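Fold and contact review
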Amino acid sequence: LQSGAEWCSGSIDMADKDIFFVFLFLAFTKLSLGAGKECCSSVLLDSDLAVHKIQGDRLGFYTQLGFYGARPFYRQQGGDFYIFYLEDEQHWIESKYFYGASLFSKLVNEMDGYCLDDHNNWSFYNGSDLMYSEVLTSNCSKIEDVCCQEFSISSANSEVIIDDQSYYNNQSKDSLGDYKAIGVINGRYVYQKDNLDSFLEYGAKHWTVSSGVGQNTGHIIHHGGSVCPEHIEKEWQISYTNADGDWDWKDDPFLKITCVKKVTDVTPKQEHQEKGPVAQAYIQTEHAGQASSYSAETVVFGCITMLLLSMMIAFFARRFYRAWGRGAQGKQLLFETLDIEQAGENQASFNKFEDQ
């Protein structure tokens, strides 16, 4: 009878160990599913004009620079900002100058997905607090597939004369014309007019046409802006001399930017085969609800996590019940539940082996 009881007890222990190994296998499988997922190598972080006016310098196009926290991390193209996953707080953030530090963070994506674009739950710092924004989004996009590389700046007011004075001064009028993209700065294209010293550049939260890259003054300006200048439809301003003889800005509601060289027309299937991740142009849409934007992978991971947690609870609850039924109490109950041998028992077993 004793041998049968020992055999039965041994079989139960083996069953417990089998369950534990299954638990470890499922946990490893869950981690492997996340690690093997392919994420976008180029992303667009964009929002509406209101967010651009506050945190526009942190928006724009980002390119993957490597991995940090077992996830991809990104650097702003031609800029000073990084986006990465912060393991301690289990969410995505942007940081200025270097990745891995949250001291200068102004944007937070409250989600723990493996890829940055798994779900958009972004908040931005509005000067006093973090504020959630449903129009602040990150998506898989490339700058050459979203923004025009060549365009024309024009205005119906350029030939208007009021009280024998032209609405446009010579400098502002010379800023009109055809521009081409010559590089990327601060996550956006920088443009030059017909090989002349006239540049359209984004910096310090505004687009400016000036006589040199990196200048803070110019003759055409838009405060806030967008990731692509041709997407801006209003609030452009031009320079002029006021009654006191000082330089100032005035509105030009008729100034517009017309795309000359259209965005490359490539079907999503062909783009995926030739260049990897499909780049989608930014399209602002109305959100039907946050829940609908969760990916299928997130739902699967959630179900697996709940299953693993339930199995772990059942496994240790069973061991606890068996140990308690044998009369174990206190530390002994904890040790037997976790299948940990006490130091005294180990020494007794060793002494018994020496006597033999």
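A brief look at the structure comes next.

Basis of the calculations
Residues numbered from 1 in each chain as written. Predicted model: local features only at pLDDT ≥ 70, side-chain atom pairs only at ≥ 80, totals over all residues. Heavy atoms only, no water. Patch = residues over 30% accessible without salt bridge, like charges linked within 9 Å, V, L, I, M, F, W, Y side chains within 5 Å. Areas by Shrake-Rupley, 256 points an atom, 1.4 Å probe, with all protein chains shown as cover. Salt bridge = Lys/Arg side-chain N within 4 Å of Asp/Glu carboxyl O. Lys, Arg positive; Asp, Glu negative; His and termini not counted. Charge placed at Lys NZ, Arg CZ, Asp CG, Glu CD. Helix = DSSP H or I, 4+ residues; strand = E, 2+ residues; numbered from the N terminus. Pairing = 2+ DSSP bridges. Axes fitted to C-alpha atoms, helices over the stretch in contact; angles between N-to-C directions. Buried < 20%, exposed > 50% of the residue type's maximum accessible area, 1.4 Å probe, protein only. Disulfide = S-S within 2.5 Å. Core = buried A, V, L, I, M, F, W, Y, C linked by side-chain atoms within 4.5 Å. Contact = heavy atoms within 4.5 Å. Phe/Tyr/Trp six-rings, centres within 6.5 Å; stacked < 30°, edge-to-face > 60°. Lys NZ or Arg CZ within 6 Å of the ring centre and 35° of its normal.

1. Digging into a negative patch on the surface
Side chains of Glu87, Asp88, Glu89 and Glu110 sit close together on the surface and give a patch of like negative charge. Take glutamate 87: it is sitting in the loop between strand 4 (81–86) and strand 5 (91–96).

2. What about the sheet that holds strand 3 (residues 71–76)?
Strands sit in the order 8-7-6-5-4-3-2-1-9 across an open sheet of 9 strands; the sheet is antiparallel. Lying at the two open borders of the sheet, with one neighbouring strand each, are strand 8 (130–132) and strand 9 (137–140). Direction aside, the axes of adjacent strands within the sheet are offset by 30 degrees on average. The sheet contact formed by strand 4 and strand 5 spans 6 bridges and is antiparallel. When the bridges of strand 5 are listed, leucine 86 appears paired with histidine 91.

3. Re a nonpolar patch on the surface
Where nonpolar side chains cluster on the molecular surface, the patch consists of Tyr97, Phe98, Leu103 and Phe104 and spans about 440 Å² of accessible area. Here phenylalanine 98 shows up in the loop between strand 5 and strand 6 (107–109).

4. A few points about the environment of leucine 196
Tracing the chain through its elements places leucine 196 in the loop between strand 14 (188–193) and strand 15 (199–203). Given a relative accessible area of 46%, leucine 196 falls into the partly exposed group.

5. Some remarks on the state of the cysteines
As enumerated under the stated definition, the model contains 3 disulfides in all. One disulfide bridge connects cysteine 148 with cysteine 259, the sulfur atoms lying 1.8 Å from each other. Taking the torsion about the S-S bond as the criterion, the cysteine 148 to cysteine 259 disulfide, at about -115 degrees, is left-handed. Within this pair, whereas cysteine 148 is found in the loop between helix 3 (143–146) and strand 10 (150–154), its partner cysteine 259 is found in strand 20 (residues 256–261), the two being separated by 111 residues in sequence. On the accessibility criterion, cysteine 148 (4% relative accessible area) is buried. Sequence-ordered numbering of the disulfide-bonded cysteines in the chain gives the connectivity 1-2, 3-5, 4-6.

6. A look at the pairing of strand 5
A regular strand places its side chains on the two faces of the sheet in alternate fashion. Of all 6 residues in strand 5, 5 are buried; the element is thus mostly enclosed. Between strand 4 and strand 5, which pair antiparallel in sequence order, lie 4 residues; one of them, glutamine 90, sits at a positive phi of approximately 55 degrees. Alignment of strand 5 against strand 6, held across 2 bridges, turns out to be antiparallel. Looking at strand 6, one finds that tryptophan 92 is bridged to asparagine 109.

7. What about the nonpolar core?
Counting 25 residues, the largest nonpolar core has Cys147, Ile153, Tyr191, Leu200 and Ile220 as its most contacted members. Those elements that provide at least two residues to this core are helix 3, strand 10, strand 14, strand 15 and strand 16 (206–210). In this structure leucine 200 touches Phe151, Ile153, Tyr179, Tyr189, Val190, Tyr191, Trp207, Thr208, Val209, Pro229 and Ile257, once residues within four positions along its chain are discounted. Among the nonpolar cores identified, the runner-up in size contains 21 residues, and Cys40, Tyr62, Trp122 and Cys140 belong to it.

8. Regarding the environment of glycine 212
By secondary structure assignment, the location of glycine 212 is in the loop between strand 16 and strand 17 (220–223). With a relative accessible area of 11%, glycine 212 lands in the buried category. In the structure, glycine 212 is positioned 13 residues away from phenylalanine 199 in sequence and 6.2 Å away in space, judged by C-alpha atoms.

9. Considerations on the packing of aromatic side chains
Summed over the entire model, instances satisfying the criterion amount to 8 aromatic pairs. Arranged with centres 5.8 Å apart and planes meeting at 65 degrees, the rings of tyrosine 85 and tryptophan 92 form a pair that is edge-to-face. By the burial criterion, tyrosine 85 is buried, and tryptophan 92 matches it. On the numbers, 6.1 Å between centres and 25 degrees between planes, the contact of phenylalanine 151 with tyrosine 179 is stacked. Highlighted residues: phenylalanine 151 in strand 10 and tyrosine 179 in strand 13 (residues 177–185), separated in sequence by 28 residues. For the residue pair phenylalanine 151 and tyrosine 179, the accessibility class agrees, reading buried in each case. Site record: aromatic cluster; members linked through ring pairs are Phe151, Tyr179, Tyr189, Tyr191, Tyr202 and Trp207. Of note, arginine 188 hangs over the ring of tyrosine 202, and the distance from its end group to the ring centre comes to 3.7 Å. Positioned over the ring face of tyrosine 167 is lysine 250, at 3.9 Å from the centre of the ring.

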